[in-house]
Amino acid sequence: MIGIVDYGMGNLFSVSKALERIGVPYIISDKKEQLEKTDGLILPGVGAFRDAMKLLDETKLSDFIKEQAHAGKPILGICLGMQLLFDESEENGVFKGLGLLKGKAVKFSGEANGERYKVPHMGWNKLKFHQDSPLTADVEADHVYFVHSYYIAGEEREALIASSDYFEEVPAVVGKNNVFGMQFHPEKSGDLGMALLKNYTQYVQNTEVEV
């Protein structure tokens, strides 16, 4: 059973429909006692980093997610949810994240080699795999769908599973131990997105956690 964390800023419908498509049972909840009984957690996110962390802190879900991660439960952050896994963000000031992964969210500059480019980064970009991971098992690198104005910088290189190029190297899939993130929207990324999401759920099924 996958728990989709409902803290008020996630695209719950698209993530839940994606899980239905691959036949994976789930619950959507903001209650710790329900989420604690799940085998893995998905942290979605759409909107501003500061607002998301404020909601997570107010509901005590931030502490809960960290406790579950440290206990070994598989965690997957999607889009803003991935950025929340890191130390901090520079969006509208400097704000602390969950600190489960090293690095920070910074804004695309919008300029490269004297030329302006579009921000937000919106559209299909190809992944480049850097290392083996349970998420990328038996999957070939192809295009996935991004919508974001901020990207992760200063990440630990050993946590970089896949990147994409949008005038900067964009960490697209990250993972360390049982904590994973996807900057793009797997639920909107066709067959590749579904394969990556299915690999995460299989990793969840194969992971024994005592919490």
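Counting from 1, residues in each chain are numbered in the order their sequence is written. Thresholds applied to this predicted model are a pLDDT of at least 70 for local features of residues and 80 or more for the giving and counting of side-chain atom pairs; totals over whole chains, interfaces and linings are not thresholded and use all residues. Computation of side-chain values covers all heavy atoms of the structure but excludes hydrogens and water.

## Some details on the overall build of the protein
Then comes step 1: Tallying secondary structure elements over the protein gives six helices and 16 strands in all.
Then comes step 2: Taken over C-alpha atoms, the radius of gyration is set against a globule rule of 2.2 Å times the number of residues to the power 0.38. In terms of C-alpha radius of gyration, the protein reaches 16 Å, essentially the compact-globule figure of 17 Å for 211 residues.
Then comes step 3: Taken along its principal axes, the extent of the C-alpha atoms in the protein is 50 × 40 × 30 Å.
Then comes step 4: Across the 211 residues of the protein, 53% fall into the buried class.
Then comes step 5: Partitioning the contacts of the protein with sequence separation of at least 6, the portion at a separation of at least 24 is 68%.
Then comes step 6: By element, 45% of the accessible surface of the protein is carried by carbon and sulfur atoms, the whole surface being about 9700 Å².
Then comes step 7: In this charge count, Lys and Arg are treated as positive and Asp and Glu as negative; neither His nor the chain ends contribute. All charge positions are set by atom: Lys at NZ, Arg at CZ, Asp at CG, Glu at CD. In the protein, which carries 22 positive and 31 negative side-chain charges, the distance between the mean positions of the two groups comes to 4 Å. Numbering of helices and strands runs from the N terminus, with a helix taken as a DSSP run of H or I at least four residues long and a strand as a DSSP run of E at least two residues long. Exposure is judged per residue with a 1.4 Å probe applied to protein chains only, and the accessible area is read against the type maximum: over 50% gives exposed, under 20% gives buried, and values in between give partly exposed. Here, two residues are considered to be in contact whenever any of their heavy atoms come within 4.5 Å of each other. Note on areas: Shrake-Rupley, 1.4 Å probe, and residue coverage restricted to the protein chains presented here.

## Concerning the nonpolar core
Then comes step 1: With 38 residues, the main nonpolar core has Leu19, Ile42, Leu76, Leu127, Phe184, Leu197 and Tyr200 as its most contacted residues.
Then comes step 2: The element that contributes the greatest number of residues to this core is helix H6 (residues 190–205), accounting for seven residues. To form a nonpolar core, buried Ala, Val, Leu, Ile, Met, Phe, Trp, Tyr and Cys residues must be joined to one another through side-chain atoms within 4.5 Å.

## Looking at the UniProt feature "domain: Glutamine amidotransferase" (unreviewed entry) in the protein
Then comes step 1: The feature "domain: Glutamine amidotransferase" (unreviewed entry), as given by UniProt, occupies residues 4–198 in the numbering adopted here.
Then comes step 2: Annotated as residues 4–198, this span is 25% helix and 34% strand, and its ends, taken at the C-alpha atoms, are 15 Å apart. UniProt positions are given in the numbering used here, feature names are shortened, and annotations may be inferred rather than shown by experiment.

## Considering the pairing of strand E2 (residues 26–29)
Then comes step 1: Where strand E1 (residues 2–5) and E2 come together, four bridges link them in parallel fashion. Counted as the bridge partner of Gly3 is Ile27 from E2.
Then comes step 2: Handedness of the E1-helix H1 (residues 12–21)-E2 crossover: right-handed. Two strands form a pair only when DSSP identifies at least two bridges running between them. The path from the first strand over the helix to the second decides the hand: if it runs clockwise while the strands point away from the viewer, the crossover is right-handed.

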